[in-house]
Amino acid sequence: MRVAAVLAAATCAPLPLFAYERARVNPNGPLLFWATRRHSFQIDARGTPDVTDGSAFDAVRRSFATWAAVSCSDLSFPEVLPLEQGDRRVGYFPGATNRNLVLWRTESCASAVPRGDPCLTEGGCSNKYDCWDGDSTAIATTTTTSNSSTGQILDADIELNDSGFTFTTADGPPCSAGGPYVGCVAYDVQNTVTHEAGHTLGLDHSAVPAATMFAFAPGGQVSKRTLHDDDIQGICTIYPKGGPTSTSPGVPAPGSTETGGCGSSGTASWEALLPTALLLALRASARRRARSGAARPQEPQG
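Computed from a predicted structure; not experimentally measured. (Residues numbered from 1 in each chain as written. Predicted model: local features only at pLDDT ≥ 70, side-chain atom pairs only at ≥ 80, totals over all residues. Heavy atoms only, no water.)

Enquirer: A description of the state of the cysteines should follow, citing residues and the corresponding values.
Expert: Here the structure, examined in full by the defined rule, presents four disulfides. Note on cysteine connectivity: Cys-72 is disulfide-linked to Cys-236, with sulfurs 1.9 Å apart. Handedness here is read from the sign of the S-S torsion; for Cys-72 and Cys-236, about 80 degrees, the answer is right-handed. Note that Cys-72 is positioned in the loop between α1 (55-68) and β4 (101-105) and Cys-236 in helix α6 (residues 229-238), a separation of 164 residues in sequence. (Disulfide = S-S within 2.5 Å. Helix = DSSP H or I, 4+ residues; strand = E, 2+ residues; numbered from the N terminus.)

Enquirer: Run through α1, naming residues and quoting values.
Expert: With 14 residues, α1 ought to run about 20 Å at 1.5 Å a step, and its terminal C-alpha atoms sit 20 Å apart, in line with that. Looking only at α1, the buried set comprises Ser-55, Ala-56, Phe-57, Ala-59, Val-60, Ser-63, Phe-64, Thr-66 and Trp-67. Residues of α1 that are buried in the fold lie against β3 (42-43), β4, β6 (153-161), α5 (189-200) and α6. (Expected span 1.5 Å × (residues − 1). Buried < 20%, exposed > 50% of the residue type's maximum accessible area, 1.4 Å probe, protein only. Contact = heavy atoms within 4.5 Å.)

Enquirer: Quick rundown of the nonpolar core? Include the residues and the values.
Expert: Ranked by internal contacts, the top residues of the largest apolar core, which has 46 residues, are Val-60, Phe-64, Trp-67 and Ile-235. If you list the elements that add at least two residues to this core, you get α1, β4, β6, α5 and α6. If you tally residues by element for this core, the top one is α1, at six residues. Sequence-distant contacts of Val-60, defined by excluding residues within four places in its chain, comprise Phe-41, Ile-43, Val-102, Trp-104, Val-189 and Val-193. With six residues, the next largest nonpolar core counts Cys-109, Val-113, Cys-119 and Cys-131 among its residues. (Core = buried A, V, L, I, M, F, W, Y, C linked by side-chain atoms within 4.5 Å.)

See the structure below:
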């Protein structure tokens, strides 16, 4: 049973239950969370060939800004600049510069990977060949790497399936089947990334059809650009403004130094909180691929 906190930052009174779900390392594992309220992101400079006027980058920025604007939480999303071309690998790599990437994959691994390549059975084709190796019906996916014992997130990367979908940034109307895709909505960048950004923060899919974190999105949809009360309640339960980050039972909340409202908010970076033993045991960390609900073009329950 889940008791939700009040949306208004001034109180901590309970509200009725909501349908949001928190992501876990595995079905029976600890809940996912960041140890800091600052969650950086970097958009890969290649962007998408579907949108060449720079508006796709702005749409991604608005997606993160939407979560940052929630008044009952205190999340912030500094953008890592410049948008340099280079390393497009997703995942967490010990000893390397790890960035929370947002990128488009323009070729499917089904066509890019040579027959018999070991990555087809061992994994890693997407990084090796810079290709989309997810479900062909998925619009996007978020890969999070976490501490398998605590659920603390170390890295979260968003990939958009540009090998199977056409992305747009217009406000409407929905595009006609087969295009042209000018001045209309096919698969909206902001609609998609706002959903995926929720996954990067530790939210799973919601059962509320109107929620941003609902598991499916049709072409032409832009409603996920705006958060539903269910999404807001979920993020404020994990990262309440002025309160400790919500973790699994037995997992200490991240350290906190700033006070306010109903408690204190964490400000220490995860690097400072990361135990040395974890760095030595990253091979045992869980790498979780969360399929976007903005992630499928149809809308059956699933």
